[in-house]
Amino acid sequence: MEERSNCAPHSWSESVVLDVKPLRSLAPMYPAPLGQKNTFSPPNAPPFVSVTTPFGSFTTESAFPPGFCPLFPSFAASHDVNQKPVDVNFVNNANGFARASEGPDINGSLHNASPSPSFQTPPAAIVSFNKEEPLASGASPPYGRTIKRSPCSNSIHIGNSETEGSNKKRIKTRRPKATGGDLSLLPSSSHDPREPVEVVLMTFDALRRRLMQLDESKRLRPDLKAGTIMMSSDLRANMVKRIGQVPGVAVGDIFYFRIEMCLVGLHSQSVAGIDYMTARFGNEEDPVALGVVSAGVYDNEEDNVDVLIYSGQGSSSKDDQKLERGNLALEKSLHRANEIRVIRSAKDPFVLNGKIYVYDGLYKIHESWVEKGKSGFNTFKYKFLREPGQPDGIAVWKMIEKWKQNPSSRANVILPDISSGIENMPVCLVNDVDDEKGPRYFAYSTTVSYSKPITSSRPLHSCMCNSVCMPGDSNCSCLHQNGGFLPYSSNGILISCKPLIYECSVSCQCPTNCRNRVTQRGVQVHFEVFRTRDRGWGLRCWDAIRAGTFICEYVGEVTESIQGVEYDEENDHIFQPRHADQGFKWNYVPELLGEPSSVDLSEISKPLSFIINSKNMGNISRFMNHSCSPNVFWQPVVHDHGDDGFPHIMFFAAKHIPPMTELTYDYGPSSAEMGDYVQSRRTKECFCGSVKCRGFFG
DNA sequence: GAAATCTCAAGAAC
DNA sequence: CGTTCTTGAGATTT
């Protein structure tokens, strides 16, 4: 199967600098209502939102992470092209299907109908993050684009300008703190379209988790509220509708809420299943479908993952469906033969409603018909066939389903469980790549060992809760230890990263199923240790992992310093808690909730001066490779002793991680970068492949 | 545990 | 430009 790159193409390891400025009221202008060729009046003195998140900084007006400068500095220059439908030229192929003429395709990917000359799927690298992106053009010279750097947000720091006449929600803002060396504000060389997509998803989910924490009663829907904040702040990607591939969104990407797909431009309907727009074909215009969400209740052929039978929209239980809106667009798409994005739902027992969304790539409609539904009314049906040559999407899920039912059906297994049963779930060892029979011997353990006994500097914290610790319980001392909030949501998701988390300890009265005992319960998902192509062994997971999910502890022998640890070429199994700020980039942006800017946690967190050596003894964590754009970060946690200087190192998912994606974390700056010349010989060349790769690590 | 009920936001249409 | 309509998701209750 297709192995996803281990390296998400950006780093979230830059410093968090936040600068949220008042919103302007421009948002509703883009994209213009379909078919409406109204003119656009440029905003007067647009205030804008500029946020530097873990993934970079962006603004409303030029909503780019560092290095993402708008291609069209002037709003006026590009606005009105967006008001017009996409212009697509098609030619008929031999089959009688209308087919798009092939146009230049910078990505070399199989996507779409690359109509010429006035519509072109944008090269991914220049796709922007904001609504001003000048594609889908029916009027402007499409090939006249030059990649320009405008004086964009990176260098602009405007204070608290106020929005005049904005009917949008205003968000209290604050000037960015001038941190030493604003590295994150420097232009980056990255033109990776995935970066803004991941920034949006991460910002959204951090907000959602925080809202959930603030309102445990769940009277409000945190997903909707976070979505509204993101929408009104224009914190979204790919705002212009397009046919085919969406820059920065890959086949197999997973989503936990419909609104997430809206925010990244994959499917702009927050509720409806069919997304569509008016496109121009020569002198004609037609509504065409852009994407559908299949909630999984259709009479789909289960075994054939390349076929989807999709039902039209409209209340089929009350009346015949009508050939309008989405249904009409699907019908037109059958004749225009344009590519349509398909999002399918998959069962995920780890989430409350039991399902998540998987982007399954591009399909075309090959057939349509009308049939009587159960209630006796006419329902439209559309037969979608998956375009060939795409990486596996939902097929990965189907494959893993089979593996879970029958583990022996997993080919190339060297060992069914390298933990020999001591993890909650088996961890199989597989090699789909070469003849290596396994890693060098080590003793599998789920707990760290200390070179000398921990001498607690203070008594072990403990609470007197009779039952599980409850949020808002002022009597729970563990709650106080953690700043008044439980660090995990009710389903065990880490809400935000902290210098240190105090889980309930062995001295606490609460039971083991207490919400504040997440990491001590151990691994909960199904891992496999696998052979990578160029980085030895690696770690990945059969399950989809939601951002904030506990992965595992770094297990090994804990010693106070690296002195005395024998170094050799083979010994790359040392964890050093350098660069303790790495997780904080993941946290929510307080300003978006009207909260004061948070203090820089990296300044108050004490540097940790121990190492963990997993050469001879360890768990799955010793197989996790380095990436400069990781999908996992570590978080110090204490629960079984009172010495805050020796916390457990616990790994959590930084992003939603699709099944079978390699798990990686940032090993930290290389020893040379840290000024440690003695240790700099340990520095290794990095093969992570990230566009933000630093070249060397640890 | 499945079905009914409730509430909700975004985009399309008007 | 503002208002209404359309669309089911997601949570809760039965």
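Looking at an unreviewed UniProt entry, chain A carries the name (wild Malaysian banana) hypothetical protein, with the source organism given as Musa acuminata subsp. malaccensis.

Draft legend 1. Highlighting the overall build of chain A. Counting its regular elements, chain A contains eight helices and 31 strands. Evaluated residue by residue, chain A yields a buried proportion of 57% over its 698 residues. Across chain A, the fraction of contacts at a sequence separation of at least 24, relative to all contacts at a separation of at least 6, is 73%. Accessible area for chain A stands at about 28300 Å²; split by element, carbon and sulfur atoms hold 52% of it.

Draft legend 2. Local environment of the protein's contact with DNA strand B. Taken together, the residues surrounding DNA strand B are Leu-224, Thr-228, Met-231, Arg-236, Lys-241, Ser-268, Gln-269, Ser-270, Val-271, Tyr-276 and Arg-325. When the atoms of DNA strand B within 4 Å of the protein are sorted by group, sugar and phosphate make up 91%. Within the contact set of DNA strand B, a sugar or linking oxygen lies 3.2 Å away from a side-chain nitrogen or oxygen of Gln-269. Separating a sugar or linking oxygen of DNA strand B from a side-chain N or O atom of Tyr-276 is a distance of 3.0 Å. Top element by residues in the surface near DNA strand B is helix H3 (residues 222-232). It accounts for three residues. Its residues placed into classes, the surface near DNA strand B shows four nonpolar, four polar and three charged.

Draft legend 3. Fine view of the nonpolar core. In this structure, Phe-527, Val-529, Ile-551, Ile-620, Phe-651 and Leu-663 are the most contacted members of the largest nonpolar core, which totals 34 residues. Put simply, the parts of the chain that give this core at least two residues each are strand E19 (527-531), strand E20 (537-541), strand E21 (550-553), strand E27 (632-638) and strand E28 (648-653). Look past the residues within four positions of Phe-527 in its chain and what remains in contact with it is Pro-426, Val-427, Cys-428, Leu-539, Arg-540, Cys-541, Ile-551, Ile-620 and Leu-663. Formed by 28 residues, the second largest nonpolar core is a distinct cluster that contains Val-249, Phe-255, Leu-263 and Val-589.

Draft legend 4. Representation of unusual backbone geometry in the model. Despite not being glycine, Asp-234 shows a phi value in the positive range, around 60°. Looking at the secondary structure, you find Asp-234 in the loop between H3 and strand E7 (254-255). For Ser-420, which is not glycine, the phi torsion reads 50° and is therefore positive. Turning to its location among the elements, Ser-420 is positioned in the loop between strand E14 (413-415) and strand E15 (428-430).

Draft legend 5. Examining the sheet that holds E19 more closely. One open sheet accounts for four strands, arranged E14-E15-E19-E20; its pairing is mixed. Each end of this open sheet is capped by a strand with a single partner; those strands are E14 and E20. Here the strands of the sheet are splayed against their neighbours by 35° on average, with no regard to which way each runs. One ladder, built from two bridges, connects E14 with E15; its direction is antiparallel. Along E15, the bridge assignment pairs Val-413 with Val-430.

Draft legend 6. Expanded view of H3. Every buried residue belonging to H3 is among Pro-222, Asp-223, Ala-226, Gly-227, Ile-229, Met-230 and Ser-232, and all of these are buried. One or two positions beyond H3, positive phi appears at Asp-234, with a value near 60°.

Draft legend 7. Fine view of the packing of aromatic side chains. Summed over the entire model, instances satisfying the criterion amount to 18 aromatic pairs. For the pair Tyr-665 and Tyr-667, a centre-to-centre distance of 4.8 Å together with 45° between the ring planes defines the contact as tilted. Exposure remark for Tyr-667: the relative accessible area of 21% places this residue in the partly exposed category. Put simply, the rings of Tyr-554, Phe-575, Trp-634, Phe-651, Tyr-665 and Tyr-667 pair up and form one aromatic cluster.

Draft legend 8. Looking closely at the protein's contact with DNA strand C. For DNA strand C, the set of nearby residues contains 13 residues, the closest of which are Arg-221, Arg-258, Val-271, Gln-313 and Tyr-357. Within the side chain of Tyr-357, a nitrogen or oxygen atom sits 2.6 Å from a phosphate oxygen of DNA strand C. Partitioning the surface near DNA strand C into residue classes produces five nonpolar, three polar and five charged.

Draft legend 9. Broad picture of the side chain of Asp-253. Within the element layout of this structure, Asp-253 appears in the loop between H3 and E7. Of the polar contacts made by the side chain of Asp-253, one reaches the side chain of Arg-194; its length is 3.0 Å. One polar contact links the side chain of Asp-253 to the main-chain amide nitrogen of Ala-250, over a distance of 2.8 Å. In this structure, Asp-253 is in contact with Arg-194, Gly-248, Tyr-357, Val-358, Tyr-359 and Pro-658, ignoring residues within four places of it in sequence.

Draft legend 10. Representation of helix H5 (residues 325-336). Taking 1.5 Å of rise per residue, twelve residues should cover 16 Å, and H5 covers 16 Å from first to last C-alpha, within 8% of that figure. The complete set of buried residues in H5 reads Gly-326, Asn-327, Ala-329, Leu-330, Glu-331, Ser-333, Leu-334 and Arg-336. Following H5 by one or two positions, Ala-337 has its phi on the positive side, about 55°.

Draft legend 11. How the structure looks around the environment of Pro-471. Following the sequence through the fold, Pro-471 ends up in the loop between strand E17 (449-450) and helix H7 (477-481). Residues Pro-471 and Tyr-488, 17 residues apart in the sequence, show an inter-C-alpha distance of 9.9 Å. In contact with Pro-471, other than residues within four places in its own chain, are Glu-216, Leu-479, Leu-486 and Arg-515.

Draft legend 12. Just the pairing of E28, in detail. The buried fraction of E28 amounts to six of the six residues, a majority that puts the element mostly inside the structure. Alternating residues of E28 divide into His-648, Met-650 and Phe-652 and Ile-649, Phe-651 and Ala-653, and every residue in both groups is buried. As paired elements, E21 and E28 share three bridges and run antiparallel to each other. Residue pairing for E28: Phe-550 is matched across the bridge by Phe-652.

Draft legend 13. Region of the structure containing the side chain of Ser-294. Summarising the element assignment, Ser-294 is placed in strand E9 (residues 284-294). When near neighbours in sequence (up to four residues on either side) are disregarded, Ser-294 contacts Leu-308, Tyr-310, Ile-343, Arg-344 and Ser-345.

Draft legend 14. Spatial organisation of the environment of Val-197. Inspection of the secondary structure puts Val-197 in helix H2 (residues 194-214). Given a relative accessible area of 3%, Val-197 falls into the buried group. Spatially, the C-alpha atoms of Val-197 and Val-249 are 7.2 Å apart, while their sequence positions differ by 52 residues. Those residues in contact with Val-197 that lie beyond four places of it in its chain are Ala-237, Asn-238, Pro-247, Gly-248, Val-249 and Val-264.

Draft legend 15. Region of the structure containing the pattern of salt bridges. Applying the stated criterion to the full structure yields 25 salt bridges. For Arg-336, the salt bridge is made with Glu-284, and the minimal N-O distance between the two is 2.8 Å. One end of the pair, Arg-336, is in helix H5; the other, Glu-284, is in strand E9, and 52 residues separate them in sequence. With relative accessibility at 13%, the residue Arg-336 sits in the buried group.

Draft legend 16. Seen up close, the confidence of the model for chain A. The predicted model of chain A averages 73 in pLDDT, with 66% of residues at 70 or higher. In the predicted structure, residues 1-85 sits below a pLDDT of 50 and forms 322 contacts with residues beyond four places in sequence or in another chain. In this model residues 89-189 is a low-confidence stretch, pLDDT under 50, and it forms 277 contacts with partners more than four residues away in sequence or in other chains.

Draft legend 17. Geometry of the sheet that holds strand E24 (residues 611-613). Spatially, the four strands line up as an open sheet ordered E17-E22-E24-E23, and their pairing is mixed. Every other strand in the sheet has two partners, leaving E17 and strand E23 (574-575) as the edge strands with one partner each.

About the cut-offs
- As a convention, each chain's residues are numbered from 1 in the sequence order in which they are written.
- Lettering for chains starts from A, numbering for ligands starts from 1, and both go in the order in which the items are written.
- pLDDT decides what is reported in this predicted model: residues at 70 or higher carry local features, side-chain atom pairs at 80 or more are listed and counted, and totals for whole chains, interfaces and linings draw on all residues regardless.
- The basis for every side-chain value is the complete set of non-hydrogen atoms in the structure, without hydrogens or water.
- Strands are runs of DSSP state E lasting at least two residues, helices are runs of H or I lasting at least four, and both sets are numbered from the N terminus onward.
- Buried residues are those whose accessible area, probed at 1.4 Å on protein chains only, stays under 20% of the maximum for their type, while exposed residues exceed 50% and partly exposed ones sit between those limits.
- Residues count as neighbours in contact if any of their non-hydrogen atoms are within 4.5 Å of one another.
- Using a 1.4 Å probe, the Shrake-Rupley method yields the accessible areas, and only the shown protein chains count as cover for residues.
- Throughout this document, a residue counts as near a molecule or strand when at least one of its heavy atoms sits within 4 Å of that molecule or strand.
- Pairing of N or O atoms within 3.5 Å defines a polar contact, subject to two protein rules: one partner must be a possible hydrogen donor and the other a possible acceptor, and residues neighboring in sequence count only if both atoms are side-chain atoms.
- Under this grouping Gly is polar, as are all residues other than the nonpolar Ala, Val, Leu, Ile, Met, Phe, Trp, Tyr, Cys and Pro and the charged Asp, Glu, Lys and Arg.
- We define the nonpolar core as a collection of buried residues of types Ala, Val, Leu, Ile, Met, Phe, Trp, Tyr and Cys that are connected through side-chain atoms lying within 4.5 Å of one another.
- What makes two strands pair is DSSP finding at least two bridges between them.
- To get an axis, a line is fitted to the C-alpha atoms, and for a helix only the part in contact is used. The angle between two axes follows their N-to-C directions and goes from 0 to 180 degrees.
- Pairs were defined over the aromatic rings of Phe, Tyr and Trp, the Trp ring being its six-membered one, requiring ring centres within 6.5 Å. Orientation was assigned from the angle between planes: stacked under 30 degrees, edge-to-face over 60, tilted for the rest.
- Multiplying 1.5 Å by the helix residue count minus one yields the expected span of that helix.
- Salt bridges are counted wherever a side-chain nitrogen of Lys or Arg sits within 4 Å of a carboxyl oxygen of Asp or Glu.
- A score from 0 to 100, pLDDT tells how confident the predictor is in each residue.

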